[in-house]
Amino acid sequence: MIRKVFIPVIMVLLLQTIFASCSKNIYKSTLSTTIFFPAPPDTARIQFLTSYNNSGDVRGAQSKFKSFIVGKEDPIFIEKPYGIAINDNKLFVVDPGIANLEVIDLDNNTFEYFIPEGRGMLQSPLNCNFDEEGNLYVADAGRSQVVVFDENLEYKGEISGDEKFDPSDVFIIGDTLFVTDPKNNRINLYNLYNGQPISYFPKEAKVGDENWLYNPLNLHLSNGKIYVTDFGDSRIKIYSMNGEYLSSVGSYGRGLGQFVRPKGIAVDRDRNLFAIDAGFQNVQIFNENGQLLMFFGGPYQGPGDMYLPANIIIDYDHNRYYEKFVDPAFNLKYLIFVTNQYGPDKVSVYGRIEPK
């Protein structure tokens, strides 16, 4: 069931005064207050574009005429988002704070709640993903299941594991569903069409081995590799598609290139790894050799910063909706979406930019 929230008509971009910070490198453009990472003399690589916190942010302030006719509408808020996905020109935000999803339609500028009922009712959803047919897969730790909905968001079924099964993230390649299983210290593979288990990894590993997973939370598949956030080992671990351990990125610590509370991960087409750290409250970017390139974000003090960030996705297909926010001196290569579980910018949108 989708519950629609009627929201305003005119979009208002909130601009705030910029300030210097050791955790956020920014500078003021000649046209407006624009937040870039890093600061000059380096060339800007990332620009903060906009954010979503409630239904009012999708369309802006309600018109006086509409307020006169139907009364003032109170905004409906995103509560405590974790996962995020994009499909069919819509953003799907997994919100364990209300045990449902928010759906932002980029074409129609609408904000909706996805509130499944009956057998599809969610308890503690964390992450979601889509297959090629538009089916939605939601990792629900409260149900200890991956709950499946069809392209019309109707309940379709669920995928379960053993008594310890505690799914936290899902990713789909071809006809295989990959699911993080923290309590069993592994990644499970399922047949996408019948939900039957295929395999898991790592195998023949034990505590202390470099390929052991202590607490796998998030995963991303790209370029024939499986990237896993091992929250318990403060590393991003990389495996082959056969589950063979290849390498890791980062280590525990407070230095550059290290992690305290790693969570969501994504990989761009240049094979750069984007890794969220909820402790540093930023995103660190590594090249395919594991070398730190830069970071952006920082403890929240204003737009562009982060407040307990949870997950991240990279998107190449929806630039047209956000190009109006890009500084005219730059071209937009792709979009970066980051969820924040607290603060006024629950879903922050950044752009990977390059000079014209």
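Enquirer: Let's hear about the overall build of the chain: which residues, and what values?
Expert: Scanning the chain from N- to C-terminus turns up 2 helices and 26 strands. Within the chain, contacts between residues at least 6 apart in sequence are counted, and of these 47% link residues at least 24 apart. A total accessible area of about 15900 Å² is found for the chain, and carbon and sulfur atoms account for 47% of it.

Enquirer: Mind laying out the sheet that holds strand β10 (residues 145-149), listing which residues take part and the relevant values?
Expert: Taken together, 4 strands build an open sheet; the order of strands is β8-β9-β10-β11 and the sheet is antiparallel. The sheet terminates laterally at β8 (125-130) and β11 (155-160), the two strands that pair on one side only. Strand-to-strand twist of the sheet, defined as the mean angle between neighbouring strand axes without regard to direction, takes the value 20 degrees. Bridge count for strand β9 (residues 136-140) against β10 is 5 bridges, and the pairing is antiparallel. Looking at the pairing, Ala 139 lines up with Val 146 of β10.

Enquirer: Can you tell me about empty space enclosed by the protein, naming the residues and giving the values?
Expert: Taken as a whole and judged by the stated rule, the model has 1 cavity of 30 Å³ or more. Lining the largest cavity are Lys 225, Tyr 227, Ile 238, Val 249, Arg 271, Leu 273, Asn 287, Glu 288 and Gly 290.

Enquirer: Provide a residue-level description of unusual backbone geometry, including the pertinent values.
Expert: Cis peptide bonds are those with omega within 30 degrees of zero, and the linkage from Phe 37 to Pro 38 qualifies with -10 degrees. Among the structural elements, Pro 38 can be located in the loop between β2 (36-37) and β3 (46-52). Geometrically, the link from Phe 201 to Pro 202 is a cis peptide bond, its omega value of 0 degrees lying close to zero.

Enquirer: Explain the nonpolar core residue by residue, including any values.
Expert: In terms of nonpolar packing, the biggest core is built from 27 residues, with Tyr 52, Leu 91, Leu 106, Tyr 322 and Phe 337 touching the most fellow members. Those elements giving two or more residues to this core turn out to be β3, β4 (84-87), β5 (90-95), β7 (110-114), β25 (330-340) and β26 (347-355). The leading source of residues in this core is β25, at 4 residues. The next biggest cluster of nonpolar side chains, apart from the first, holds 18 residues, and it includes Ile 35, Phe 48, Ile 285 and Met 294.

Enquirer: Describe the pattern of salt bridges, and please don't skip the residues or the numbers.
Expert: For side chains of opposite charge, pairing can occur when their charged atoms come near one another. Within the structure shown, the criterion is met by 9 salt bridges. One salt bridge in this structure joins Arg 186 and Asp 162, with 4.0 Å as the shortest N-O distance. Of this pair, Arg 186 sits in strand β14 (residues 186-191) while Asp 162 sits in the loop between β11 and β12 (170-173), and the two are 24 residues apart along the sequence. Through salt bridges with shared partners, one network takes in Asp 230, Asp 233, Arg 235 and Lys 237.

Enquirer: Describe the environment of His 318, with residues and values.
Expert: Among the secondary structure elements, His 318 is positioned in the loop between β24 (309-315) and β25. With relative accessibility at 6%, the residue His 318 sits in the buried group. Along the chain, His 318 and Asn 89 lie 229 residues apart, while their C-alpha atoms are 7.3 Å from each other. At a separation of 2.8 Å, a polar atom in the side chain of His 318 contacts the side chain of Asp 315.

Enquirer: I'd like a rundown of the environment of Asn 287, residues and numbers included.
Expert: Locating Asn 287 in the fold gives a position in the loop between β22 (282-286) and β23 (292-297). When its relative accessible area of 17% is taken as the criterion, Asn 287 is described as buried. When sequence neighbours within four positions are dropped, the list of residues in contact with Asn 287 reads Arg 271, Asn 272 and Leu 293. A distance of 2.9 Å separates a polar side-chain atom of Asn 287 from the backbone nitrogen of Asn 289.

Enquirer: If you had to explain the sheet that holds β2 to someone new, which residues and values would you point to?
Expert: With antiparallel pairing, 5 strands are arranged side by side in an open sheet as β2-β3-β26-β25-β24. Each end of this open sheet is capped by a strand with a single partner; those strands are β2 and β24. The sheet contact formed by β24 and β25 spans 5 bridges and is antiparallel. Within β25, the residue paired with Ile 314 across the bridge is Ile 336.

Enquirer: Break down the pairing of β8 for me, with residues and values.
Expert: The two faces of a sheet get side chains in turn, since along a regular strand they alternate between them. Counted residue by residue, β8 has 6 buried out of 6 residues, so it is predominantly covered. The pairing of β8 with β9 spans 5 bridges and is classified as antiparallel. Directly across from Phe 130, in β9, lies its bridge partner Leu 136.

Enquirer: With reference to specific residues and values, describe the packing of aromatic side chains.
Expert: Taken as a whole, this structure holds 18 aromatic pairs when the rule is applied. For the cation-ring pair, Lys 203 lies above Tyr 200, with the distance from its terminal atom to the ring centre recorded as 5.3 Å. The residue whose ring lies beneath Arg 269 is Tyr 316, and the NZ or CZ to ring-centre distance is 3.7 Å.

Enquirer: For the side chain of Glu 102, give the residues involved together with the corresponding values.
Expert: Relative to the helices and strands, Glu 102 resides in strand β6 (residues 100-105). No salt bridge is formed by the buried Glu 102, whose closest oppositely charged neighbour, Lys 346, lies at an N-O distance of 8.6 Å. Apart from residues no more than four positions distant in its own chain, Glu 102 is found in contact with Phe 77, Ile 78, Glu 79, Leu 91, Phe 92, Val 93, Asp 95, Phe 111, Glu 112 and Tyr 113.

Rules of the game
- Residues numbered from 1 in each chain as written.
- Predicted model: local features only at pLDDT ≥ 70, side-chain atom pairs only at ≥ 80, totals over all residues.
- Heavy atoms only, no water.
- Helix = DSSP H or I, 4+ residues; strand = E, 2+ residues; numbered from the N terminus.
- Contact = heavy atoms within 4.5 Å.
- Areas by Shrake-Rupley, 256 points an atom, 1.4 Å probe, with all protein chains shown as cover.
- Pairing = 2+ DSSP bridges.
- Axes fitted to C-alpha atoms, helices over the stretch in contact; angles between N-to-C directions.
- 1 Å grid on protein atoms, 1.4 Å probe; cavity = no way out; pocket = protein on both sides within 12 Å on 5 of 7 lines; lining within 4 Å.
- Points joined across faces, edges and corners; volume = space filled by probe spheres on them.
- Core = buried A, V, L, I, M, F, W, Y, C linked by side-chain atoms within 4.5 Å.
- Buried < 20%, exposed > 50% of the residue type's maximum accessible area, 1.4 Å probe, protein only.
- Salt bridge = Lys/Arg side-chain N within 4 Å of Asp/Glu carboxyl O.
- Polar contact = N/O pair within 3.5 Å; in protein donor to acceptor, adjacent residues only side chain to side chain.
- Phe/Tyr/Trp six-rings, centres within 6.5 Å; stacked < 30°, edge-to-face > 60°.
- Lys NZ or Arg CZ within 6 Å of the ring centre and 35° of its normal.
- Lys, Arg positive; Asp, Glu negative; His and termini not counted.

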